[in-house]
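# Results of the structural survey
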Amino acid sequence: MADGNTLWHGRFDGDASQALRELNDSLPFDRRMYREDIAGSRAHVEMLCEVGLIEAVELQDILEALEVVEAEIAEGTFEWAQSDEDIHTAIERRATEITPSAAKIHTGRSRNDQVANDVRLVALSEIDSLAEVLGALIRSLLYRAEDAHENGWYLPGYTHLQRAQPVGLAHHLAAYCWMLMRDLDRLHEARGRADVSVLGAGALAGSALPIDPHLVAEKLGFTSVFNNSLDAVSDRDFVADLLYSLSVVGVHLSRLGEEICLWASSEFNFVELDDAFSTGSSMMPQKKNPDIAELARGKAGRLLGNLTGFLATQKGLPLTYNKDLQEDKEPMFDSCDTVRLTALALTGMVETLKFNEDAMKESADSPYGAATDLADFLVEKGIPFRTAHSVIAGLVRESLESGDDLVTLVESHEDLGADAAQLLLPGIGSRRNSHGGAGSDAVSIQLEALRARVGDLR
Ligand code: ARG
């Protein structure tokens, strides 16, 4: 490990305490941004040259040095120095060892605008990669939904975790697809918020030098440029937006996880997990545990924690940059990694789930599941829904109390009869074909719409 002084040592007499260094240094977690930091430096020095603040030969030297630095870090041969506080100082220190011209890199720039820009670049590429991972999960759910639809598989739909009305498994799985599609929309919005270049804001007030932030933004591929230097260096809304979007993803994955846990229990027995996506018990040989689904549920906690923790970090901050803002990176990286890993594991789990058609059917096939259809039958004959509801409720009660078959009661009821009794036959309840409903025709239309949306994903 090379030795050296921090970039700001000139103002100080003694060395920094060990505790200060350990608390203060962000290198252990921000070295992950080295590519973005170097990209920012490249754009910055090219701009410096274009506006005449450095010579073309200096630019060449610096660009070559940055290339070496990038390769060293990528290959793991980079020698980190005691004095490297963070990735920005480490890269600049090393570049300056390679060429004295690199002492000009920081012209018209501060770590305050530099770090905010780096974090924005990381957010953009993380969002793109997360969108792909979530897209794959949506595809695997849609694939299973289409298959279930073709097979006509159905299960009880629940409210209050009480059996309510039978629904197609396709309809149920597609619900998760729509939830995750909204997550992609939210991530896309968060991307827009991150897509603003802030290099050129300086420490907080811009620069007296003729720097050109628009040029830098263009080189880095940002869509827009900051408008207020104070806001630029202290704004981390885009991090909070991303953490919020990922919290909602986390909540959705958690709900899917919980559902799979229930379904995999002996009590439901709706699914069997593939060996590759379940674990055993060290003591009880008969067990197959849904750990992935449980972790999907559990990880939501830390995603929410990252969001609320980081909002709390920001709430008392006066303008502009305060070191508190260094706390932006760990929650952001953690939430991105957590969602990525969880979604990947769930994708594999969903792809390999074995649905137990018979168990789902058996649970769904209670004639009571058709009670609403019976009420609708009366409504179609002109009877007000409230009256119809109470007639059917009376029959259900009678059947439960007397033990008489509901089918027989329906058949012998003067307003119901044999046609109505047909509704009690086992099945998916395919009559509920109102827009977005669980009926088979409505689900076919829905799946087509979903396929089109999924096809539009990159
Ligand atoms: N490591 C710092 C961070 O992550 C970089 C910015 C440091 N700026 C400063 N004025 N000390 O926020």
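Structure first, text after, so check above.
Below or above, wherever it landed, is the structure these notes cover.

Note on placement: valine 216 falls in helix H8 (residues 213-220). Between the C-alpha atom of valine 216 and that of glycine 436, which follows or precedes it by 220 residues, the distance is 48 Å. With residues near it in sequence (within four places) discarded, valine 216 still touches Ala43, His44, Met47 and Leu199.

Next up on the list: the packing of aromatic side chains. Scanning all chains against the criterion turns up 6 aromatic pairs. Relative to tryptophan 80, the ring of phenylalanine 78 has its centre 4.4 Å away and its plane inclined at 50°; by these criteria the two rings are tilted. Residues tyrosine 158 and phenylalanine 268 carry aromatic rings whose centres are separated by 5.9 Å and whose planes lie at 55° to one another, so their mutual orientation is tilted. Of the two residues, tyrosine 158 sits in strand S1 (residues 154-159) while phenylalanine 268 sits in the loop between helix H10 (237-264) and strand S5 (271-272), which places them 110 residues apart along the sequence. Judged by relative accessible area, phenylalanine 268 falls into the buried class, the value being 19%. Each residue in the set Trp153, Tyr158, Trp263, Phe268, Phe270 and Phe355 is aromatic and connected to the rest through ring pairs, giving one cluster.

Turning our attention to helix H5 (residues 87-98). Since one α-helical turn is 3.6 residues long, residues separated by three or four positions face the same way. Here H5 contains 12 residues, and its C-alpha end-to-end distance of 17 Å stays within 8% of the 16 Å for a straight helix at 1.5 Å per residue. For H5, every residue scored as buried is listed here: Ile87, His88, Thr89, Ala90, Ile91, Glu92, Arg93, Arg94 and Ala95. Buried residues in H5 make contact with helix H2 (27-30), helix H3 (34-50), helix H4 (56-75) and helix H6 (111-151).

Note: most residues except glycine have negative phi, and most peptide bonds are trans. Residue threonine 320 follows leucine 319 across a cis peptide bond; omega there is 5°. Take threonine 320: it is sitting in the loop between helix H11 (291-315) and helix H12 (329-352). Of note, leucine 161 is a non-glycine position whose phi angle comes to about 60°, a positive value. With respect to the helices, strands and loops of the structure, leucine 161 is situated in the loop between S1 and strand S2 (162-168).

Turning our eyes to something else, we now look at the packing of H11 against H12. Working note: a packed helix pair is described by the angle between its axes plus the distance between those axes. Interaxial distance between H11 and H12 falls to 10 Å at its minimum, and their mutual angle equals 160°. As summarised for this structure, H11 and H12 are arranged roughly antiparallel, according to the angle between their axes. The two elements H11 and H12 cross, and the hand of that crossing is left-handed. Residues Ile292, Ala293, Ala296, Lys299, Arg302, Leu303, Asn306 and Phe310 of H11 pack against Pro331, Asp334, Ser335, Thr338, Val339, Thr342, Ala345, Leu346 and Met349 of H12. A breakdown of the residues in the contact of H11 with H12 according to their chemical character gives 10 nonpolar, 4 polar and 3 charged.

On to the nonpolar core, then. The nonpolar side chains of a soluble globular protein tend to be buried with one another. If you look at the biggest cluster of nonpolar residues, it comprises 109 residues, and the most contacted ones within it are Leu169, Met332, Leu346 and Phe355. Counting 18 residues, the second largest nonpolar core, distinct from the first, contains Ala371, Leu395, Ala421 and Leu423.

The rules behind each value
Residues numbered from 1 in each chain as written. Predicted model: local features only at pLDDT ≥ 70, side-chain atom pairs only at ≥ 80, totals over all residues. Heavy atoms only, no water. Helix = DSSP H or I, 4+ residues; strand = E, 2+ residues; numbered from the N terminus. Contact = heavy atoms within 4.5 Å. Phe/Tyr/Trp six-rings, centres within 6.5 Å; stacked < 30°, edge-to-face > 60°. Buried < 20%, exposed > 50% of the residue type's maximum accessible area, 1.4 Å probe, protein only. Expected span 1.5 Å × (residues − 1). Axes fitted to C-alpha atoms, helices over the stretch in contact; angles between N-to-C directions. Parallel < 35°, antiparallel > 145°, perpendicular 65-115°, else oblique. Left-handed = near helix turned anticlockwise from the far one by under 90°. Nonpolar A, V, L, I, M, F, W, Y, C, P; charged D, E, K, R; others polar. Core = buried A, V, L, I, M, F, W, Y, C linked by side-chain atoms within 4.5 Å.

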